[in-house]
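This is what each chain is made of:
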Amino acid sequence: MTKNTNASPYMLTTPIYYVNAKPHLGHAYTTIMGDFLKKLALIEGKRVLFVTGTDEHGEKIVQKATAEGKTPKELVDEVSSEFRSAWEKLALDVDVFYRTTQPDHYKMVQNALQFLKDKGDIYFAEYEGKYCVGCERFRTDSEWNEEGLCPDHQTPPDLRKEPNYFFKMGSYQKELIKHYESNLEAIEPSQYRQEVLSFLKQPLEDLNISRPKTRLTWGIELPFDKDYVTYVWFDALLNYLGAIGYEGGDFAAQREFKNEFWAESHHLIGKDILKTHAIYWPTMLMGLEVPVFKKLHVGGFWMNKGLKMSKSLGNVVDPIKVSEHFGVDFFRYFLLREMSFGSDANFTWEAFIARCNSELANGLGNLASRVLKLSQKNFEMKIPSASGLNDQDKALVSAMKALPAKMAQEFEQCRYHIGIGHFNEAVAECDRYINDNKPWVLAKDPEQKDRLASVLRTAMEALHVFSIVSYPLTPEASLKLQEALGQSGEIVGALFRVDTGLDATRSLTEVPQLFPRLELPDLE
Ligand code: ME8
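Residues numbered from 1 in each chain as written. Predicted model: local features only at pLDDT ≥ 70, side-chain atom pairs only at ≥ 80, totals over all residues. Heavy atoms only, no water.

1. A word on the overall build of the chain
Then, number 1: Along its length, the chain carries 19 helices and 16 strands.
Then, number 2: Seen through its principal axes, the chain has C-alpha atoms that stretch 90 × 55 × 40 Å.
Then, number 3: Looking at the 524 residues of the chain, the share that counts as buried comes to 58%.
Then, number 4: A separation of at least 24 residues holds for 76% of the contacts in the chain among residues at least 6 apart in sequence.
Then, number 5: Accessible surface, the chain: about 22100 Å² in total, of which carbon and sulfur atoms supply 50%.
Then, number 6: Positive and negative side-chain charges of the chain, numbering 61 and 73 respectively, have mean locations separated by a distance of 2 Å. (Helix = DSSP H or I, 4+ residues; strand = E, 2+ residues; numbered from the N terminus. Buried < 20%, exposed > 50% of the residue type's maximum accessible area, 1.4 Å probe, protein only. Contact = heavy atoms within 4.5 Å. Areas by Shrake-Rupley, 256 points an atom, 1.4 Å probe, with all protein chains shown as cover. Lys, Arg positive; Asp, Glu negative; His and termini not counted. Charge placed at Lys NZ, Arg CZ, Asp CG, Glu CD.)

2. Description of empty space enclosed by the protein
Then, number 1: Summed over the entire model, instances satisfying the criterion amount to one cavity of 30 Å³ or more.
Then, number 2: Within this model, the largest cavity holds a volume of roughly 40 Å³.
Then, number 3: Lining the largest cavity, in full, are Val397, Met400, Lys401, Glu461, Ala462, His464, Val465, Val498 and Gly501.
Then, number 4: Where the lining of the largest cavity is concerned, the elements lending two or more residues are helix 14 (391-412) and helix 17 (449-469).
Then, number 5: Element by element, the count of residues in the lining of the largest cavity is highest for helix 17, at four residues. (1 Å grid on protein atoms, 1.4 Å probe; cavity = no way out; pocket = protein on both sides within 12 Å on 5 of 7 lines; lining within 4 Å. Points joined across faces, edges and corners; volume = space filled by probe spheres on them.)

3. Looking at the packing of aromatic side chains
Then, number 1: Counted according to the given criterion, the structure contains 31 aromatic pairs.
Then, number 2: Between the aromatic rings of phenylalanine 341 and tyrosine 416, the centroid separation amounts to 5.6 Å while the plane-to-plane angle is 85 degrees, which identifies the pairing as edge-to-face. A residue pair is termed long-range when its members are at least 10 positions apart, and phenylalanine 341 in the loop between helix 12 (328-338) and strand 16 (345-346) and tyrosine 416 in helix 15 (residues 416-437) qualify at 75 residues.
Then, number 3: Look at tyrosine 416 and you get buried, because its relative accessible area is 3%. (Phe/Tyr/Trp six-rings, centres within 6.5 Å; stacked < 30°, edge-to-face > 60°.)

4. Overview of helix 6 (residues 190-199)
Each α-helix winds once per 3.6 residues, and so residues spaced three or four apart point in a common direction.
Then, number 1: For helix 6, every residue scored as buried is listed here: Tyr192, Arg193, Val196 and Leu197. Seen end-on, helix 6 carries its buried residues on one side only, within an arc spanning 140 degrees.
Then, number 2: Contacts made by the buried residues of helix 6 are with helix 5 (173-182), strand 7 (187-188), helix 10 (274-288) and strand 13 (295-299). (Arc of directions from axis to C-beta.)

5. A few points about the sheet that holds strand 9 (residues 210-212)
Then, number 1: The strand order across the open sheet formed by three strands is 9-11-10, and the pairing between neighbours is antiparallel. Edge positions in the sheet fall to strand 9 and strand 10 (221-222), since each has one partner strand and no second.
Then, number 2: Bridge count between strand 9 and strand 11 (residues 225-230): three bridges; the pairing is antiparallel. Its bridge partner lying in strand 11, arginine 211 is registered against valine 229. (Pairing = 2+ DSSP bridges.)

6. Here's the deal with the nonpolar core
Then, number 1: Membership of the largest hydrophobic core comes to 107 residues, with the highest contact counts inside it found for Trp302, Phe347, Phe352, Leu372 and Phe466.
Then, number 2: Ranked by residues supplied to this core, first place goes to helix 13 (residues 349-378) with 13 residues.
Then, number 3: Setting aside anything within four residues of it in sequence, one finds phenylalanine 466 in contact with Leu364, Leu367, Met400, Leu403, Phe423, Ala426, Val427 and Cys430.
Then, number 4: Phe167, Tyr192, Leu238 and Leu274 belong to the second-largest nonpolar core, a separate cluster that totals 65 residues. (Core = buried A, V, L, I, M, F, W, Y, C linked by side-chain atoms within 4.5 Å.)

So yeah, pure geometry; function would need other evidence.
Next comes the structure, spelled out in structure tokens:
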């Protein structure tokens, strides 16, 4: 990979996940989406910083550790490394794996708190509210369902009354509304921006940002009161700045490179944590005098039999087992293609197998194998040169060259599944071209050798485009295809090669099987 320091920066983050249970399909989806967006930015030639990590403080971590007879430290070390290794097994290209128990994080959070305290944004007061330990936050009266339960965790509220420290979140309400009203793309899909703006019609309360040590000691001690630790969300959200080296305190005075990534910061989250990211986080940034992040990308839930897949409900699919059984490409393809980003989707094995077989095995897999085998057989291992292209050939080549822009148009609107649909339609168009031109018939007639060369070269140009645009989607198969075509496999800026076309001085290599047909797994 070449390092182009002039390339435009792009920062992507996932939530940092709680370590009270091992990673499941929902976490994998968000991290895969991050890796997909990273790879898209890479082929566009950007310089990307992809951040994920683990959220290791708070009450539910202590509850889990106690239940398992471990210290919180033992639990967080163990589960954090499971997350790290899960992303390695899924071949996700993470740049920073951030842990909220790393020592520099403690210092940064304490500096940030002191900065806010010194400017008068933090005060001490009595508080009474209804807490959800699963969400690790107080929910307002309207945020409990008809049975009085947390809609995400199906648990009753814990009534709490105690003195605590507060961040003057309410004082930033007007500025926040103005920010969302003037930045129409700050939260996508747009229904979530509407949801936030309508929530902001109510007066915004201040944020309780501490827990007395009599209740909880597992956290970051407040720099101005040793009897309190920092509220877990206040500590966790700051990871996004910690990942680019923020030290707390005066952001503008700290090193230049941070602002560069921060100005292009994209947070990927699930809709369960919209409020903490769309309200708590930007007001914290305003208090800290740091520019608000560029964009929130809000995903829906993966459901299993009508319920959100979640560790507390125990209905989760293990992403490692799926990808060990089927390979990472099929798994990520299905997740990215099946879900309309922002809405909920169901995970079923039937849908998984059906999509992978009909769209990958029968799609690009079959096409690549047909075209490459015919080329190898009839032109040895050379890329055939086309002596003359007819209108149909030219139309196919130009349709393929237009494909990346067509996909990008959908991706920009978060319609990833539709962009991927355009990819499948382009493969189908190329299939039709092959069926119309019947290269296997041309191959039997020596007088048609030139026409055969033109047809196969046209189809190989299409395969070349597919090998590049499929990199974010199915990276292993993309690289195999580039290798089979004898092409470089250089990723950064690879989209530029769509216009230049195949490097015909290279020779083909063995035809790989890109996507074997899948069978329904034995669910036992
Ligand atoms: O909320 N479908 O961590 P968490 C889709 N530590 N995505 C899902 C999902 C599902 N069924 N279940 C989980 C936390 N996710 C905090 C975040 S960030 C400063 C702190 C994904 O372990 C989705 O991205 O509960 C969701 O927002 C995230 O996992 C919640 O992970």
